[in-house]
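Descriptive structure summary
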Amino acid sequence: MTVRVGVIGAGWIGQEHIRRLTETVTGAQVTAVTDIDAARAEEAVSRVGARTFANGPELIAADDVDAVLVTSWGPTHAEHVLNAIAAGKPVFCEKPLATTAEDCLRIVEAERAHGRRLVQVGFMRRYDAGYRQMKQVIDSGRIGEPLVVHCAHRNPTAPESYHTDMAALDSAVHEIDVLRWLLDDEIVSAQVVLPRSTSRRYPHLKDPQIMLFETAKGVRIDLEVFVNCQYGYDIQCETVGEEGLVRLPDLAAVGVRTAGQHSTEVLTDWVGRFVDAFDTEFREWIASVATGAEPTGPSAWDGYAATVISNATVESRQSGRIVATDMKPRPAFYGGPSVKVA
């Protein structure tokens, strides 16, 4: 079947996903779009032959919408996801699932009351080939039990609108999700250490930041978030185990030897780095909707966990203390053991 998708939010990422669903992913058709800016919605539908709606509830209720894609402003996500669950329609929500733990739990409870999974959250790193290879190695036991993880999340520059809390809420949240998945473990505490700030930043921003996490099994994670590193977009991840280590590969690039130097290209934005992961993410989501299967990607519970942990990280940075994540036990509805964390 062709999955008819309604899109709520026609900003940059919304339009990018509309293009992806139209030009790259088979078995999908964008049939409806809504945005707080009506002109932007009209511009988006003009390229794909869809129709516009005045608001999210009307779009979700439409007969020609089989599934919903939420790419609107973060604080509106919970409302749209809850409406989709009430309508019994699969919903893909770009991160964050919601901006508060309370709203995330409302979504979790609504989905559990519905009786089957409908929600997938847009953490695309789980679909990156390198991360998937790392998980295969860790799960196989080849490096023994994981002990330490070293990570870096670097951007060449950050705009003036990027503020200090966004290092956790918008940047590190991707590592928070993918590391929970890689390790099959829960993060129980967060701490932020502020080194000397770079001069290549706007005065209001603390950059870089060092984030330290501990998991329920005792794994220690260190993450450098540096969003004005100048040289490029650079994502690093290395897991050290009892019997070896596994490292995220750099992207394939030709080596150039000239003028006494040997160089390889470094990407400068996240779009190029994760374009294949985005494509795979949506192919698998559309396939699950088309077959009537439950989504296998990041769940509403994963969205809740990411929000709780990233908010604890912000609290640590503001207070200077180690902050316990204080998460609820994971319901059996979402698979795996129910992990009780302090």
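No experiment lies behind these values; they were computed from the predicted model shown.

Before going further, it helps to spend a moment on the overall build of the protein chain. The number of helices and strands found in the protein chain is 9 helices and 15 strands. If you line up the protein chain on its principal axes, its C-alpha atoms span 55 × 55 × 40 Å. Taking all 342 residues of the protein chain together, the buried fraction comes to 51%. Contacts spanning at least 24 positions in sequence make up 72% of the contacts within the protein chain whose residues lie at least 6 apart. For the protein chain, the exposed area adds up to about 15,400 Å²; of that, 50% sits on carbon and sulfur atoms. Within the protein chain, the 46 negative side-chain charges are centred at a point lying 2 Å from the centre of the 34 positive side-chain charges.

Attention now moves to the environment of P195. The residue P195 is located in the loop between β8 (187-193) and β9 (209-215) in this model. What makes P195 partly exposed here is its relative accessible area of 35%. With 129 residues separating them along the chain, P195 and A324 place their C-alpha atoms 22 Å apart. Contact partners of P195, with chain neighbours within four places excluded, come to P208, Q209 and I210.

Spatially, 6 strands are ordered β3-β2-β1-β4-β5-β6 in an open sheet, and the strand pairing comes out parallel. Each having just a single partner strand, β3 (51-52) and β6 (119-122) make up the two edges of the open sheet. As paired elements, strand β1 (residues 3-8) and strand β2 (residues 28-34) share 6 bridges and run parallel to each other. Across the sheet, residue R4 finds its bridge partner in β2, namely Q29.

Residue-level pLDDT values for the protein chain average 95, and 98% of them are 70 or greater. In the model, residues 337-342 has pLDDT below 50 throughout and makes 17 contacts with residues more than four positions away in sequence or in other chains.

Scanning the model with the defined rule gives 7 aromatic pairs in all. Ring plane angle 90° and centroid distance 6.2 Å describe the contact between F282 and W285, whose orientation is recorded as edge-to-face. Placement of the pair is F282 and W285 together in helix α8 (residues 270-291), with a separation of 3 residues, close to one helical turn. Through a chain of ring-to-ring contacts, the aromatic side chains of W301, Y304, F333 and Y334 assemble into a single cluster. Here the basic side chain of R273 rests over the ring of F274, its NZ or CZ set 4.4 Å away from the ring centre.

Our focus in this paragraph is the pattern of salt bridges. Close approach of charged atoms allows side chains with opposite charge to pair. Under the defined criterion, the tally for this structure stands at 25 salt bridges. D302 serves as the salt-bridge partner of R126, at 3.3 Å between the closest nitrogen and oxygen. Residue R126 is found in the loop between β6 and α6 (129-140), and its partner D302 is found in helix α9 (residues 300-319); the two are separated by 176 residues along the sequence. The two residues R126 and D302 agree in class, both being buried. Connected through shared salt-bridge partners, E16, R19, R20, E23 and D279 make up one network.

Okay, the environment of F333 next. Structurally, F333 can be placed in the segment after β15 (323-324). Its relative accessible area of 28% is what places F333 among the partly exposed residues. Along the backbone, F333 and W301 are 32 residues apart, and their C-alpha atoms lie at a distance of 9.5 Å.

Moving on, we come to the pairing of strand β5 (residues 91-94). Here β5 shows two buried faces, one formed by V91 and C93 and the other by F92 and E94. Pairing of strand β4 (residues 67-70) with β5, which is carried by 3 bridges, proceeds in the parallel orientation. Across the sheet, residue L69 finds its bridge partner in β5, namely F92. Between β4 and its parallel partner β5, the chain crosses via helix α4 (residues 77-87), and the hand of that crossover is right-handed. Note that β5 and β6 share 4 bridges and pair parallel. The partner of E94 across the bridge, within β6, is G122. As for the winding sense of the linkage, the β-α-β connection from β5 through helix α5 (residues 101-114) to β6 is right-handed.

Before going further, it helps to examine the packing of helix α1 (residues 12-23) against α8. Viewed as axis vectors pointing N to C, α1 and α8 meet at an angle of 60°, and their least axial separation amounts to 11 Å. Taken as axis vectors, α1 and α8 run oblique relative to one another. In this structure, α1 crosses over α8, and the sense of that crossing is right-handed. Taking contact as the criterion, the partners of W12, I13, H17, R20 and L21 in α1 are, on α8, W270, V271, V275, F278, D279, F282 and I286.

A separate point is the packing of α4 against α5. Contact pair α4 / α5: the axes reach a minimum separation of 10 Å and the direction vectors enclose 5°. Overall, the two elements α4 and α5 adopt an arrangement that is roughly parallel. Where α4 approaches α5, its residues A78, V81, L82 and I85 are matched on the opposing element by D103, R106, I107, A110, E111 and H114. Among the residues forming the contact of α4 with α5, the class breakdown is 6 nonpolar, 1 polar and 3 charged.

Rules used throughout
Residues numbered from 1 in each chain as written. Predicted model: local features only at pLDDT ≥ 70, side-chain atom pairs only at ≥ 80, totals over all residues. Heavy atoms only, no water. Helix = DSSP H or I, 4+ residues; strand = E, 2+ residues; numbered from the N terminus. Buried < 20%, exposed > 50% of the residue type's maximum accessible area, 1.4 Å probe, protein only. Contact = heavy atoms within 4.5 Å. Areas by Shrake-Rupley, 256 points an atom, 1.4 Å probe, with all protein chains shown as cover. Lys, Arg positive; Asp, Glu negative; His and termini not counted. Charge placed at Lys NZ, Arg CZ, Asp CG, Glu CD. Pairing = 2+ DSSP bridges. pLDDT = per-residue confidence, 0-100. Phe/Tyr/Trp six-rings, centres within 6.5 Å; stacked < 30°, edge-to-face > 60°. Lys NZ or Arg CZ within 6 Å of the ring centre and 35° of its normal. Salt bridge = Lys/Arg side-chain N within 4 Å of Asp/Glu carboxyl O. Right-handed = clockwise from strand over helix to strand, strands pointing away. Axes fitted to C-alpha atoms, helices over the stretch in contact; angles between N-to-C directions. Parallel < 35°, antiparallel > 145°, perpendicular 65-115°, else oblique. Left-handed = near helix turned anticlockwise from the far one by under 90°. Nonpolar A, V, L, I, M, F, W, Y, C, P; charged D, E, K, R; others polar.

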